[in-house]
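# Reading the structure
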Amino acid sequence: MHRTVKSFLRTLKFSVGCFRYYFNRNYDPVIALCSQIKVQEFQFTKCLGNSWNNTDSRGHTVPRRFFSCKDLLKSEQENWKVTSARYMDTAERIKKKLEVMYNKYTFGMSSPVIRFGDSVYFEENGCIFRSKAGVDEGSVETLLSTEDLGFHDAIIQRIRISPDQRYMATSIKSSNSEESSCIVTKLEKLPMVEYIIPNVFSFEWATNDVLFYTSQKNLVCHKVFLATFANRKHAEIVYTEQDPRFFVDIYCTKDRRFLTINSNSKTSSEVWLVDCNDPFNSPILVQQRTKGVIYHVEHRNDELYVLTTYGEPAEYKLMKTPVGSYGMENWQLVYTLQEKTKLIDLEMFRDHCVMFVKRYGHLYLNVISLVSHSVQSIKLPAWACAFESEPHPEYNASTCYFQLTSPVQPPKRFVYTLAENHLVEQEAPITINCHTVRLEAKSKDEILVPITVFYNTNSKELHRKPLLVHVYGAYGIDLNMSFKAENLMLIEDGWILAYCHVRGGGELGLSWHKDGCMHNKLKGLHDLKACIMLLHELGFSQPKYTALTGSSAGGVLAGALCNADPYLIRAIVLQAPFLDVLNTMLDTDLPLTIEEQEEWGNPLADEKYMECIKSYCPYHNIKPQAYPSVLITAYENDQRIPLIGLLRYVHKLRKAERDHARSMNKKGNLIPNIILNVQAGGSHCAPLWEDSLNEVTSHLAFLYKEFGLERE
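Please read these numbers as outputs of a predicted model, since none were measured by experiment. (Residues numbered from 1 in each chain as written. Predicted model: local features only at pLDDT ≥ 70, side-chain atom pairs only at ≥ 80, totals over all residues. Heavy atoms only, no water.)

## Quick notes on the overall build of the protein
Counting secondary structure elements, the protein contains twelve helices and 38 strands. Out of the 712 residues in the protein, the part that is buried amounts to 62%. The contacts of the protein with a sequence gap of at least 6 include a subset with a gap of at least 24, amounting to 60%. On the protein, roughly 27100 Å² of surface is accessible, and the fraction owed to carbon and sulfur atoms is 49%. (Helix = DSSP H or I, 4+ residues; strand = E, 2+ residues; numbered from the N terminus. Buried < 20%, exposed > 50% of the residue type's maximum accessible area, 1.4 Å probe, protein only. Contact = heavy atoms within 4.5 Å. Areas by Shrake-Rupley, 256 points an atom, 1.4 Å probe, with all protein chains shown as cover.)

## Quick notes on a negative patch on the surface
A cluster of acidic residues, Glu-147, Asp-148, Asp-153 and Asp-691, forms a negative patch at the surface. As for its placement among the helices and strands, Asp-148 is situated in the loop between β6 (141-145) and β7 (154-161). Taking the relative accessible area as the measure of exposure, Asp-148 reaches 70% and is therefore exposed. (Patch = residues over 30% accessible without salt bridge, like charges linked within 9 Å, V, L, I, M, F, W, Y side chains within 5 Å. Salt bridge = Lys/Arg side-chain N within 4 Å of Asp/Glu carboxyl O. Lys, Arg positive; Asp, Glu negative; His and termini not counted. Charge placed at Lys NZ, Arg CZ, Asp CG, Glu CD.)

## What about the environment of Gly-601?
Mapping Gly-601 onto the fold places it in the loop between α9 (593-600) and α10 (607-616). The residues contacting Gly-601, other than those within four sequence positions of it, are Met-518, Met-585, Glu-596, Tyr-609 and Ile-613.

## Quick look at the sheet that holds strand β17 (residues 269-275)
Taken in spatial order, the four strands line up as β15-β16-β17-β18 in an open sheet, and their pairing is antiparallel. At either margin of the open sheet sits one strand with a lone partner, and together these are β15 (247-252) and β18 (284-287). On average, adjacent strands in this sheet sit at an angle of 25 degrees to one another, irrespective of strand direction. (Pairing = 2+ DSSP bridges. Axes fitted to C-alpha atoms, helices over the stretch in contact; angles between N-to-C directions.)

## Quick look at the sheet that holds strand β8 (residues 167-174)
Spatially, four strands are ordered β7-β8-β9-β10 in an open sheet, and the strand pairing comes out antiparallel. Since the sheet does not close on itself, it has two edges, and those belong to β7 and β10 (192-197), each with one partner. Across the sheet, the mean angle from the axis of one strand to that of its neighbour is 25 degrees, orientation sign disregarded. Of the strand pairs in this sheet, β7 and β8 are connected by seven bridges, and their pairing is antiparallel. The residue of β8 that forms the bridge with Arg-158 is Ser-171.

## Section: the pattern of salt bridges
Within this structure, the stated rule accounts for 31 salt bridges. Its salt-bridge partner being Arg-570, residue Glu-706 comes within 3.0 Å of it at the nearest N-O pair. Note that Glu-706 is positioned in helix α12 (residues 689-706) and Arg-570 in the loop between α7 (554-564) and β36 (571-575), a separation of 136 residues in sequence. We classify Arg-570 as partly exposed; its relative accessible area is 23%. For the salt bridge of Asp-580 with Arg-648, the shortest nitrogen-to-oxygen distance reads 2.3 Å. Of this pair, Asp-580 sits in the loop between β36 and α8 (581-585) while Arg-648 is found in helix α11 (residues 643-663), placing the two residues 68 residues apart along the sequence. The class for Asp-580 is buried, based on a relative accessible area of 7%. Within this structure, Asp-445, Arg-503, Asp-515, Lys-523 and Asp-527 form a network of salt bridges that share partners.

## Section: unusual backbone geometry
In this chain, Glu-312 is followed by Pro-313 through a cis amide linkage whose omega measures -5 degrees. Tracing the backbone through its elements, the reader meets Pro-313 in the loop between β20 (303-308) and β21 (317-322). Phi is positive for Gln-165, close to 60 degrees, though the residue is something other than glycine. Turning to its location among the elements, Gln-165 is positioned in the loop between β7 and β8. Phi at Ala-576 is positive, roughly 40 degrees, even though this residue is not glycine. Mapped onto the elements of the fold, Ala-576 is located in the loop between β36 and α8.

## Let's talk about the nonpolar core
Side chains that are nonpolar tend, in soluble globular proteins, to be buried together. Ranked by internal contacts, the top residues of the largest apolar core, which has 111 residues, are Ile-451, Val-453 and Leu-528. Here the element with the most residues in this core is α11; it accounts for eight residues. The residues contacting Val-453, other than those within four sequence positions of it, are His-435, Thr-436, Val-437, Leu-439, Ile-496, Leu-497, Ala-498, Leu-535 and Phe-540. Counting residues in hydrophobic clusters, the runner-up holds 17 residues, among them Ile-344, Ile-378, Phe-387 and Leu-404. (Core = buried A, V, L, I, M, F, W, Y, C linked by side-chain atoms within 4.5 Å.)

## Some words on the confidence of the model for the protein
Averaged over all residues, the pLDDT of the protein is 85; the fraction at 70 or higher stands at 86%. Note on residues 1-66: pLDDT under 50 across the span, and 266 contacts to partners over four residues away in sequence or across chains. (pLDDT = per-residue confidence, 0-100.)

## Observations concerning α11
Here α11 is 21 residues long and its end C-alpha atoms lie 30 Å apart, about the 30 Å a rise of 1.5 Å per residue gives. Burial analysis of α11 places 15 of its 21 residues in the buried class, the great majority of the element. Directly after α11, the chain includes Asn-665, whose backbone phi takes a positive value near 55 degrees. (Expected span 1.5 Å × (residues − 1).)

## Digging into the side chain of Thr-185
Topologically, Thr-185 is positioned in strand β9 (residues 180-186). The exposure class of Thr-185 is buried, given its relative accessible area of 0%. The contacts of Thr-185, once residues within four sequence positions are left out, are Leu-143, Leu-144, Arg-166, Tyr-167, Met-168, Pro-191, Met-192, Val-193 and Glu-194.

## Re the packing of helix α6 (residues 521-537) against α7
As a packed pair, α6 and α7 sit with axes 10 Å apart at the nearest point and diverge in direction by 70 degrees. Accordingly, the angle class assigned to the pair α6 and α7 is roughly perpendicular. Here α6 runs over α7; the crossing is right-handed. Judged by residue contacts, Lys-521, Gly-524, Leu-525, Leu-528, Lys-529 and Ile-532 of α6 engage Leu-557, Ala-560, Leu-561 and Ala-564 from α7. For the contact of α6 with α7, a count of residues per class yields seven nonpolar, one polar and two charged. (Parallel < 35°, antiparallel > 145°, perpendicular 65-115°, else oblique. Left-handed = near helix turned anticlockwise from the far one by under 90°. Nonpolar A, V, L, I, M, F, W, Y, C, P; charged D, E, K, R; others polar.)

## Digging into α6
The end-to-end C-alpha separation of α6 is 25 Å, in line with the 24 Å expected for 17 residues at 1.5 Å each. Along α6, the positions that sit buried rather than exposed are Lys-521, Gly-524, Leu-525, Asp-527, Leu-528, Ala-530, Cys-531, Ile-532, Leu-534, Leu-535 and His-536. Where α6 ends, the next residue or the one after it, Gly-539, has phi of about 90 degrees, a positive value.

## A closer look at the packing of aromatic side chains
This structure, assessed with the given rule, holds 22 aromatic pairs. One residue, Arg-503, lies across the ring of Trp-512, its end atom 5.9 Å from the ring centre. (Phe/Tyr/Trp six-rings, centres within 6.5 Å; stacked < 30°, edge-to-face > 60°. Lys NZ or Arg CZ within 6 Å of the ring centre and 35° of its normal.)

## Considering the environment of Ile-284
With respect to the helices and strands, the residue Ile-284 is situated in strand β18. By relative accessible area, which is 43% here, Ile-284 ends up partly exposed. Distance in space between the C-alpha atoms of Ile-284 and Leu-273 is 5.0 Å, their sequence separation being eleven residues. With near-sequence residues (within four places) excluded, Ile-284 lies in contact with Val-271, Trp-272, Leu-273 and Tyr-326.

## Structural notes on the packing of helix α2 (residues 69-85) against α11
Close contact between α2 and α11 brings their axes to 10 Å; oriented N to C, the two are set at 65 degrees. As for the relative orientation of α2 and α11, their crossing is left-handed in sense. Listed contacts from α11 to Cys-69, Leu-72, Leu-73, Glu-76 and Asn-79 of α2 are Leu-643, Ile-644, Leu-647, Val-650 and Arg-654. When grouped by side-chain class, the residues that make up the contact of α2 with α11 number seven nonpolar, one polar and two charged.

Structure follows, in structure tokens:
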């Protein structure tokens, strides 16, 4: 079956994708990119420890019982073989239906292309091709094949072409690892691989033969290197970040005048400039990092354009300053986003800046003239819930291409012409029998929380229909609202889909995130409870037909709700969930714990964070009571959410449920299913096509069985 990684990720992902940073400049939507470059999540390196601990007091762990992780893993794998057999028939029917839907709704979808001069570069099935713009397909030239290089089951993440098109740098990673290799290919008559650089995160060409790249080790990225590939091949370190809270990547301004070294934490950033005309000179600091100030830099006509949170209100602003007058005391305001507005992406052109924003669930194009500073705001179609840009490497381009999608609407391409201020829908949306409703739930503190609901227009008695609730609520990242084939299947079968945009996420701008992180984490839990209660009050299903799903950090709120209000839901599906916040944030030996303190707080330094985390930590708050049925999918090679934490969570949850049943004399009565499915290999990032398809079908088969639904 003909598939690209890009189209696969658009259609078959049950989980929430997420991005590393706050502004999608660091999200590189070039060829066949994963739905996340680097997920803003946790890493646990002590996967195969011999024991697990229970937190007893601040900074102190008490051994409870010794377990062999390998023995527990073997036990869970055997348990999954027995359990999954009960779902096999349902899973096979779902799988066949999903394959049909995938072919129907993604047929003809092409990979994004890079237009570079008179050449077009694109990726298909692990190969990179080049052709002349406007020339027939017969003239396509193969530049690189991952299979030929010995990278089996590999994902192409990023492509960068040198200014004279003599070299191509490509990052490739395995589906079972987060480490990428950078392949440098010389593009002559017979393209030839010249060098393979291991453990690379980001890279950019400064000149025709000078490549800057960052080195990633153990999910940490602190060093920038310069490498030359022409007359004298060599590499040298040009920047080292000393603060463990910061992560470094590099970006070339659209006009290729400067290469920027960006060092970002979750609350502040620092940018260094490398002059592409003289890349061997030392980088120049733009503005020293200041707590609470995030900024990113572009260049135009000898001026820096700075996207920043500096100043009031505390949302993103576009500012500018002459080259050489870098300090923020020189920054002049060009444009300020409205409060409660989410900046999704930004594209720079020669005379325009195009911002893609979301405000109260609706998407807009804000087009800023860099000559007159006038602003055109264009409301995008109401059905659209998610946006995806297409690559625009040419600074002088006069058109902006992008795609719009929703959980139930496949991606549709649009083009915006800058000179005519004209938006053209190149493809009409597919007509589906689905109704969209936008609601607001009043949380515990009276704040209104957005909910997006989808259901079949032909459905009757919605209170009897199954409901699947999605939640994330962390890092200022929106819920993934892109198209997934399984959503259409669920809608056809009468399911209701609800996306709860709780605090901690980014749907209503930077303040929405700030109001749901650190000591405000409980607000996200209150928001989720209010959303589910409102849905039930309005007749969208009822508790015994309600399921909740989350992944990664979304597992925190999902797991917390299971402990606090288990009666609201019947079943829960979690993918690589983060469930042990307290023990993680107490262990500073883990490489990302210090970085994550700006999201969760530091319980070692401040008692209020200790008590706050204790109050909602899913693992810490398990207690004997009636729980929903739970299916957790984990990955054996997941560096961010290793097995030991999930194994002990499942063990403790089962014990709590058994203790509750004994105390209530419910022997023989229905006991919820607590299931852990450990995928062999795999990582926290997107799995391969077949693995993801099997994962989705197992999730849905579990839910259909739990609700007594049989799909014929």
